[in-house]
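Each chain, written out:
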Amino acid sequence: MNLSDKYLFYQTRKQLPVIKKAEGIHMWDHSGKEYIDGCSGAVISNIGYGNKRIAQRIAQQAQETFFAYRIHFENQPAMDLARKLVSLSASHLKKIFYVSGGSEAVESAMKLCLQYYHTKGQGTKYLFVSRKPSYHGCTLGALGITSYSPLEIPFKAAVKANLKIPAPFCYRCAYGMAYPACGLRCAHALEEAILDNGAENIAAFVAEPVGGASTGATVPPEEYFSVIQSICRRYDIMLILDEVMTGFGRTGKLFAYEHWNVRADIVALSKGMASGYYPLGAIMTSDEIVDVILDGGGFAHGHTYAGNPMACAVGEEVLDIILESDLVSNAAVIGDYLKQGLEILQNSHPIIGDVRGLGLLLAIELVKDRQAKTPFASDVSANFMLADAAFNHGLIIYPRKPINGLKGDHLLVAPPLITTEPEADTILERLDTSLTIVEKTLM
Ligand code: PLP
């Protein structure tokens, strides 16, 4: 077998092992080495690997059709999945628009919002407010609301400048304040941005309910979203929630907005929706928004693969598995267990400055000095050192830099929602070993 990758390129020149098989939360490469996927790939594999029901559903759907173009035919899996999503989501979210991934979902949410205001004769509302740091995708539109410097710098000239307010990142508060004495200044910053730029120029505020890769599982203070929501209403600004990472049970609720009863105008979904078995994403929105667009001539947007019957059949099966196996509750229970385990590791590893997250979207942040929260120099790449040590010891975790992608070191610990207590223990053991190795070098 030829395992050469000389014709492929992704982000770096790093040589990677070739995957042979994956089952549950475990993966094996061609040499036979076993790994636990402690970050569900890119926080996508909510139901874990190798689920036979998905293979059967794909085989069954393949007998009927792989494809039918959405402007020629409806298809049963697309309609069935949409009906299930509507029945499981907030009562005002009644319409589904399919895409094939997270960036496409975010782009579609932005374009739906812009076209809505344009159709209503409010075409000056074209600016988005989002947060710093944040990650909403790599296409040019989604990048325009992302704040993570290394991903933005090469494309600055081509990306529309939107408005950014500080993320609710209490461990590294942009104002140097502490909750609750801060009075939620980061939420009120939305109103300042609106007043400075004029509500008539602003279309929407976009946020991840729980911070994802860019901040490392930052959970907002309890009242954050009620402040945000009332500001959005006061100034006729849409609230778009990017649940690409948090949706489908990841945080211990089917959708993370349920934690705070947030009423979003548009919700972007992907990742856990098909759990890596097929490219799939969607936006959910209200009848009111869709009626304005359709009465105005139709949504001027759509991708060729949207509503693909195969992808939707997989999405429907994944959703059934999540519900039937109660993976949402498991994410809450095992998430608490794993978080407690990470806090215990923090007691014996001074390199861990912070443990945070909700459900099975967890993270640890590494620091040189815990008291002062001093990050390691960025060229040390403490996060990649730990990710590499863990990989060598059979644990995959997801490294990023929380200070807008430039500094600091955090790692997402977000295994599939099927993880059991003994498996969480193994994750913690492998992490413990890896932390000891990195601390020997760095501390
Ligand atoms: N939004 C969030 C919150 C994400 O975490 C991601 C990916 O990590 C995206 C959007 C983009 O999704 P995709 O990589 O599928 O385009």
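Look up a bit, the structure's there.
Report follows, based on the coordinates. (Residues numbered from 1 in each chain as written. Predicted model: local features only at pLDDT ≥ 70, side-chain atom pairs only at ≥ 80, totals over all residues. Heavy atoms only, no water.)

1. Side note on unusual backbone geometry
Point 1. The omega torsion across Lys 132 and Pro 133 is -5°, close enough to zero to call that bond cis.
Point 2. Looking at the element boundaries, Pro 133 is found in the loop between β5 (127-132) and α5 (140-143).
Point 3. In this structure, Pro 180 follows Tyr 179 across a cis peptide bond, with omega equal to 5°.
Point 4. Considering the arrangement of structural elements, one finds Pro 180 in the loop between β6 (163-166) and α7 (185-197).
Point 5. One non-glycine residue with positive phi stands out, namely Lys 271, at about 35°.
Point 6. Relative to the helices and strands, Lys 271 is located in the loop between β9 (266-269) and β10 (281-285). (Helix = DSSP H or I, 4+ residues; strand = E, 2+ residues; numbered from the N terminus.)

2. As for the sheet that holds strand β11 (residues 352-358)
Note on sheets: strands pair through backbone hydrogen bonds, and any given pair is parallel or antiparallel.
Point 1. Across the sheet, which stays open at both edges, the four strands sit in the order β11-β12-β15-β14 with antiparallel pairing between neighbours. Of all strands in the sheet, those bounded by a partner on one side alone are β11 and β14 (398-400). Strand after strand, the sheet turns through a mean of 20° between neighbouring axes, direction not considered.
Point 2. Along the sheet face, helix α11 (residues 327-348) touches β11, β12 (361-366) and β15 (409-413) and points at about 175° away from the line of β11. (Pairing = 2+ DSSP bridges. Axes fitted to C-alpha atoms, helices over the stretch in contact; angles between N-to-C directions. Contact = heavy atoms within 4.5 Å.)

3. Details of the layout of surface pockets
Point 1. Of the pockets and cavities examined, the second largest pocket occupies roughly 680 Å³.
Point 2. Around the second largest pocket, the lining is made up of 26 residues, and of these Arg 70, Glu 74, Ile 96, Phe 97 and Tyr 98 lie nearest the centre.
Point 3. Listed by contribution, the elements that provide at least two residues to the lining of the second largest pocket are α3 (76-88), β4 (95-99), β10 and α9 (287-295).
Point 4. The class makeup of the residues in the lining of the second largest pocket is 17 nonpolar, five polar and four charged. (1 Å grid on protein atoms, 1.4 Å probe; cavity = no way out; pocket = protein on both sides within 12 Å on 5 of 7 lines; lining within 4 Å. Points joined across faces, edges and corners; volume = space filled by probe spheres on them. Nonpolar A, V, L, I, M, F, W, Y, C, P; charged D, E, K, R; others polar.)

4. Some points on the site of the ligand
Point 1. Surveying the vicinity of the ligand reveals the residues Gly 101, Gly 102, Ser 103, Tyr 135, His 136, Gly 137, Glu 208, Asp 242, Val 244, Met 245 and Lys 271.
Point 2. Between Gly 102 and the ligand, the recorded distance is 2.8 Å, taken from a backbone N or O atom to an oxygen atom.
Point 3. Of the residues assigned to the shell around the ligand, the class counts are three nonpolar, five polar and three charged. (Near = heavy atom within 4 Å. Polar contact = N/O pair within 3.5 Å; in protein donor to acceptor, adjacent residues only side chain to side chain.)

5. Some details on the environment of Tyr 278
Point 1. Within the fold, Tyr 278 resides in the loop between β9 and β10.
Point 2. Once residues within four sequence positions are removed from consideration, Tyr 278 is found in contact with Ile 58, Phe 66, Asn 308, Met 310, Ala 311 and Val 314.

6. What to know about the nonpolar core
Point 1. Ranked by size, the top nonpolar core spans 102 residues in total, and within it Tyr 98, Phe 205 and Ile 364 carry the most contacts.
Point 2. When residues of this core are assigned to domains, at least three fall in each of domain 1 (19-51 + 326-442) and domain 2 (56-324).
Point 3. Setting aside chain neighbours within four positions, we find Tyr 98 in contact with Ala 78, Leu 81, Ala 82, Met 273, Leu 280, Gly 281, Ala 282, Ala 306, Gly 307 and Cys 312.
Point 4. Counting residues in hydrophobic clusters, the runner-up holds 25 residues, among them Val 99, Ala 109, Met 110 and Ala 204. (Core = buried A, V, L, I, M, F, W, Y, C linked by side-chain atoms within 4.5 Å. Buried < 20%, exposed > 50% of the residue type's maximum accessible area, 1.4 Å probe, protein only. Domains from an automatic or database assignment.)

7. Describing the pairing of β10
Point 1. The buried fraction of β10 amounts to five of the five residues, a majority that puts the element mostly inside the structure.
Point 2. Here β10 shows a buried face lined by Gly 281, Ile 283 and Thr 285 and a second buried face lined by Ala 282 and Met 284.
Point 3. Across four bridges, the pairing between β9 and β10 is antiparallel. Along β10, the bridge assignment pairs Ile 266 with Thr 285.

8. Points about the packing of helix α2 (residues 52-64) against helix α10 (residues 309-324)
Packed helices, taken two at a time, are described by their axes: the angle between them and the distance between them.
Point 1. At a closest axis distance of 9 Å, the pairing of α2 and α10 adopts a crossing angle of 150°. As summarised for this structure, α2 and α10 are arranged roughly antiparallel, according to the angle between their axes. For the pair α2 and α10, the sense of crossing is right-handed. Each of Arg 53, Ile 54, Arg 57, Ile 58, Gln 61 and Ala 62 in α2 lies in contact with α10, whose residues at this interface are Pro 309, Met 310, Ala 313, Val 314, Glu 316, Glu 317, Val 318, Asp 320, Ile 321 and Glu 324.
Point 2. Considered class by class, the residues forming the contact of α2 with α10 number nine nonpolar, one polar and six charged. (Parallel < 35°, antiparallel > 145°, perpendicular 65-115°, else oblique. Left-handed = near helix turned anticlockwise from the far one by under 90°.)

9. Some thoughts on α10
Point 1. Here α10 is 16 residues long and its end C-alpha atoms lie 22 Å apart, about the 22 Å a rise of 1.5 Å per residue gives.
Point 2. Along α10, 14 of the 16 residues are buried, which leaves the element largely enclosed by surrounding structure.
Point 3. Capping the start of α10, Asn 308 holds a side-chain oxygen 3.1 Å from the backbone nitrogen of Met 310, two or three residues further along.
Point 4. Note on α10: the residue one or two positions beyond its end, Asp 326, has a positive phi of about 50°. (Expected span 1.5 Å × (residues − 1).)

10. Observations concerning the packing of aromatic side chains
Point 1. Within the structure shown, the criterion is met by nine aromatic pairs.
Point 2. Judged by centre distance (6.3 Å) and plane angle (70°), the ring pair of Phe 67 and Tyr 305 falls under edge-to-face. A residue pair is termed long-range when its members are at least 10 positions apart, and Phe 67 in the loop between α2 and α3 and Tyr 305 in the loop between α9 and α10 qualify at 238 residues.
Point 3. Between Tyr 116 and Tyr 117 the ring centres are 5.2 Å apart and the planes differ by 70°, which places this aromatic pair in the edge-to-face class. (Phe/Tyr/Trp six-rings, centres within 6.5 Å; stacked < 30°, edge-to-face > 60°.)

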